[in-house]
Amino acid sequence: MSVVVYAPASIGNVSVGFDVLGAAVSPIDGTLLGDRVKVEGGGDVPFTLNCVGSFVDKLPKDQEENIVYQSFVVFSREMEKLGQPVRNVTMTLEKNMPIGSGLGSSACSIVAALDALNKFHDEALDETTLLALMGEMEAAISGSLHYDNVAPCYLGGLQLMVEQMGIISQEVPCFDEWYWVMAYPGIKVPTAEARAILPAQYRRQDVINHGRHLAGFIHGCYSGQPQLAASMIKDVVAEPYREKLLPGFAEARHYAEDAGALATGISGSGPTLFSITDDKAVAERVAKWLEENYVQNEEGFVHICRLDVKGSTVTGSEL
Ligand SMILES: Nc1ncnc2c1ncn2[C@@H]1O[C@H](COP(=O)(O)OP(=O)(O)O)[C@@H](O)[C@H]1O
Ligand SMILES: N[C@@H](CCOP(=O)(O)O)C(=O)O
């Protein structure tokens, strides 16, 4: 018996909710913009790891540094606490996601690995326990706890981190008609470094604007006002400080706005940029411009996406 889980790319922050808002996305042309992990019954040793996929060369050479191995360690510890047995496994990571991209690459590996391990063990851990483990792993990698990649990647859709009353995250209704153009330039921005450059304290006016933008966006989503929601997608917390890490971001935002996009921002800690529109022709025009002007090398790419409402899913038993 074996199981394969696909975990999609995600947009941390969605500009307006630093660390508390995230969206899962998948390309409309069916490209797998996310990692897949296969778990099968192993032989004589507790754990064996194989790695394949287009970004396999970017992974750490030492198996113990691989997120998939670390997921197995964390999963085993949790199972031990519950007195549940862990089977010997062979895990195969299909690394489709560039690392340090702002597309939640680490979250894709964490979520695909933990969800696949849990499915292989007959869902021994409940959803909240598994999501808490995912957050713990993301914190260890990035330097501080944030669920805005792992929650949408695991649960799908647009997720708001409430972290209250034992609930980590809940889904917020979004707009099915929105296209999300995702442009990865091909350069690396490590999340931990992009967090380290942020100020420790903010001015009162920024705090007020941040609260107004986030509340206005969520209100726009719940009251079905896409124009209002999109106009609230403004970032006063991270973008002013991170923009310097993203060559060409200001020009790209300017072009997208002129072309009719509803909003443009940094995906997670960058360098990926997202741009939202409800018009396919605008999405195609913006995507073409970004391909020609924002992408910097052959590793970069642009995809026109929709919200991925499913989150991580079983794709079968073979890669
Ligand atoms: N399977 C994996 N997928 C992604 N990153 C991994 C994996 N295993 C180990 N790593 C390491 O974890 C870190 C992830 O970097 P990070 O900037 O958080 O990525 P991202 O922003 O794309 O989530 C890197 O140091 C990378 O080498
Ligand atoms: N809220 C985090 C999101 C990081 O996303 P990633 O895809 O760049 O790992 C942050 O902005 O630091």
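Numbering of residues starts from 1 in every chain and runs along the sequence as written. Each chain is given a letter, starting from A, and each ligand a number, starting from 1, according to the order in which they appear as written. Totals for whole chains, interfaces and linings use all residues, but because this is a predicted model, local features are given only for residues with pLDDT of at least 70 and pairs of side-chain atoms are given and counted only at 80 or more.

Asks: I keep staring at the site of ligand 2 and nothing clicks. Help me out?
Replies: We count a residue as near a molecule or strand when its backbone-placed C-beta atom lies within 6 Å of that partner. Around ligand 2, the surrounding shell holds 17 residues, and the nearest of these are Gly12, Gly102, Thr191, Gly268 and Ser269. Secondary structure elements follow DSSP: runs of H or I no shorter than four residues count as helices, runs of E no shorter than two count as strands, and numbering proceeds from the N terminus. Per element, the largest residue contribution to the shell around ligand 2 is 3 residues, and it comes from helix α5 (residues 191–196). Amino acids outside the nonpolar list (Ala, Val, Leu, Ile, Met, Phe, Trp, Tyr, Cys, Pro) and the charged list (Asp, Glu, Lys, Arg) are all regarded as polar, and Gly is one of them. Broken down by class, the residue content of the shell around ligand 2 amounts to 4 nonpolar, 10 polar and 3 charged. Residue ranges labeled as domains rest on an automatic or database domain assignment. Taken together, domain 1 (2–173 + 308–316) and domain 2 (179–306) each give at least three residues to the shell around ligand 2, which thus spans both.

Asks: What am I meant to see in the site of ligand 1 here?
Replies: The environment of ligand 1 is made up of 22 residues, and the closest members are Ile67, Ser105, Ser106, Ser109 and Thr191. Looking at the shell around ligand 1, the elements with two or more residues in it are α1 (67–81), α2 (105–120) and α3 (127–142). A per-element tally of the shell around ligand 1 places α2 first, with 4 residues. Grouping the amino acids of the shell around ligand 1 by side-chain chemistry returns 9 nonpolar, 11 polar and 2 charged. Here the shell around ligand 1 gathers at least three residues from each of two domains, domain 1 (2–173 + 308–316) and domain 2 (179–306).

Asks: Can you help me understand the UniProt feature "domain: GHMP kinase N-terminal" (unreviewed entry) in the chain in this one?
Replies: UniProt positions are given in the numbering used here, feature names are shortened, and annotations may be inferred rather than shown by experiment. Taking the numbering used here, the UniProt-annotated feature "domain: GHMP kinase N-terminal" (unreviewed entry) corresponds to residues 67–157. Helix makes up 58% of residues 67–157 and strand 7%, with an end-to-end C-alpha separation of 24 Å.

Asks: Can you walk me through the nonpolar core in this structure?
Replies: When a protein is soluble and globular, its nonpolar side chains tend to lie buried together. Note on terminology: a nonpolar core is any set of buried Ala, Val, Leu, Ile, Met, Phe, Trp, Tyr and Cys residues joined through C-beta atoms within 7 Å. To sort residues by exposure, count the other C-beta atoms lying within 10 Å of each residue's C-beta; 20 or more gives buried, 12 or fewer gives exposed, and values between give partly exposed, all with C-beta atoms placed from the backbone. With 86 residues, the main nonpolar core has Val111, Ala113, Met134, Val150, Trp180 and Val181 as its most contacted residues. Per-element accounting of this core gives the leading share, 10 residues, to α2. Residues from two domains meet in this core; each of domain 1 (2–173 + 308–316) and domain 2 (179–306) gives at least three. Residues are scored as being in contact if the C-beta atoms we place from backbone atoms lie within 7 Å. Discounting chain neighbours no more than four positions away, the residues touching valine 150 are Ala107, Ile110, Val111, Leu131, Met134, Gly135 and Glu138.

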